[in-house]
Amino acid sequence: MLLWDPIGVSGLPEAKDEHDGYADVGLGMLINENATAEDIAGYLFKIATEDMALSDREMAKLCDRAAEAVVALRSNF
């Protein structure tokens, strides 16, 4: 299940790797920097609002949910 798809391309086969670079950085933050959910949510929010120029009021909630799911993976490492 994809929790962070701010531009809504997860169902498009030609865009299957659209968010890979962001995911790699988020995972690196989790593993190497011991980042918190707030740190990762901030990173995702910055990408969505600054890099993608999105301004949806729900974007912060979307980023928070995705970051919490990423941090929950920490016990697997």
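Scroll up a little and you will see the structure.
By convention here, each chain's residues receive numbers from 1 onward along its written sequence. Selection of residues for local features in this predicted model requires a pLDDT of at least 70, selection of side-chain atom pairs for listing and counting requires 80 or more, and totals for whole chains, interfaces and linings are taken over all residues. For side-chain calculations, the full set of non-hydrogen atoms in the structure is used, while hydrogens and water are omitted.

## A short note on the side chain of H19
The following threshold applies: Only DSSP runs of H or I with at least four residues qualify as helices, and only runs of E with at least two residues qualify as strands; both kinds are numbered from the N terminus onward. Polar contacts here mean pairs of N or O atoms no more than 3.5 Å apart (in protein, one a potential hydrogen donor and the other a potential acceptor; neighbouring residues in sequence count only if both atoms are side-chain atoms). Should any heavy atoms of two residues lie within 4.5 Å, those residues are counted as being in contact.
If you trace the backbone, H19 turns up in the segment before α1 (20-32). Engagement of the side chain of H19 in a polar contact is seen with the side chain of D5, the distance being 2.9 Å. With residues up to four places along the chain from it excluded, the contact list for H19 reads W4, D5, P6, I7, V9 and M52.

## Notes on helix α2 (residues 37-51)
Test applied: One less than the number of residues in a helix, times 1.5 Å, gives the span that helix is expected to have. Between buried and exposed lies partly exposed: a residue is buried under 20% and exposed over 50% of the maximum accessible area for its type, with that area taken using a 1.4 Å probe on protein chains only. This arc corresponds to the set of directions leading from the helix axis out to the C-beta atoms.
In this model, α2 (15 residues) spans 20 Å end to end at C-alpha, consistent with the 21 Å of a helix rising 1.5 Å per residue. Within α2, burial applies to A37, I40, A41, Y43, L44, I47 and A48. The arc enclosing the buried residues of α2, seen along the axis, measures out at 160°, which places them on a common side. Seen from the buried face of α2, the exposed residues on the opposite side, beyond 90 degrees, are E38 and E50. Each element contacted by the buried residues of α2 is listed here: α1 and α3 (59-72). Looking one or two residues beyond α2, the residue adopting positive phi is A53, at roughly 60°.

## Comments concerning the packing of aromatic side chains
Just so we agree on the cut-off: Aromatic pairing here means that ring centres of Phe, Tyr or Trp (its six-membered ring) are within 6.5 Å. Orientation follows from the plane angle: under 30 degrees is stacked, over 60 is edge-to-face, and everything else is tilted.
For the structure on display, the rule yields 1 aromatic pair. Their ring planes at 85° and their centres at 5.8 Å tell us that W4 and Y22 sit as a pair that is edge-to-face. Here the residue W4 occupies a position in the segment before α1, and Y22 occupies one in helix α1, the gap between them amounting to 18 residues. On the basis of relative accessible area, Y22 is assigned to the partly exposed category, the value being 24%.

## Focus: the nonpolar core
Spelled out, the test is: Among buried residues, the Ala, Val, Leu, Ile, Met, Phe, Trp, Tyr and Cys ones that are joined through side-chain atoms within 4.5 Å form a nonpolar core.
W4, I40, L44 and C63 are the most contacted members of the largest nonpolar core, which has 17 residues in total. Ranked by the residues each element gives to this core, the list is headed by α2, at 7 residues. Residues contacting L44, with those up to four places away along its chain left out, are W4, C63, A66 and A67.

## Some points on the pattern of salt bridges
For the record, the criterion: Note on definitions: salt bridges are taken to be side-chain nitrogens of Lys or Arg within 4 Å of carboxyl oxygens of Asp or Glu.
Counted according to the given criterion, the structure contains 2 salt bridges. E50 serves as the salt-bridge partner of K46, at 3.6 Å between the closest nitrogen and oxygen. Within this pair, K46 and its partner E50 are both found in helix α2, separated by 4 residues, close to a single helical turn. The exposure class assigned to K46 is partly exposed, which follows from its relative accessible area of 43%. By relative accessible area, E50 is classed as exposed at 53%. Where K61 meets E58, a salt bridge forms, and the shortest distance between an N and an O atom there is 3.8 Å.

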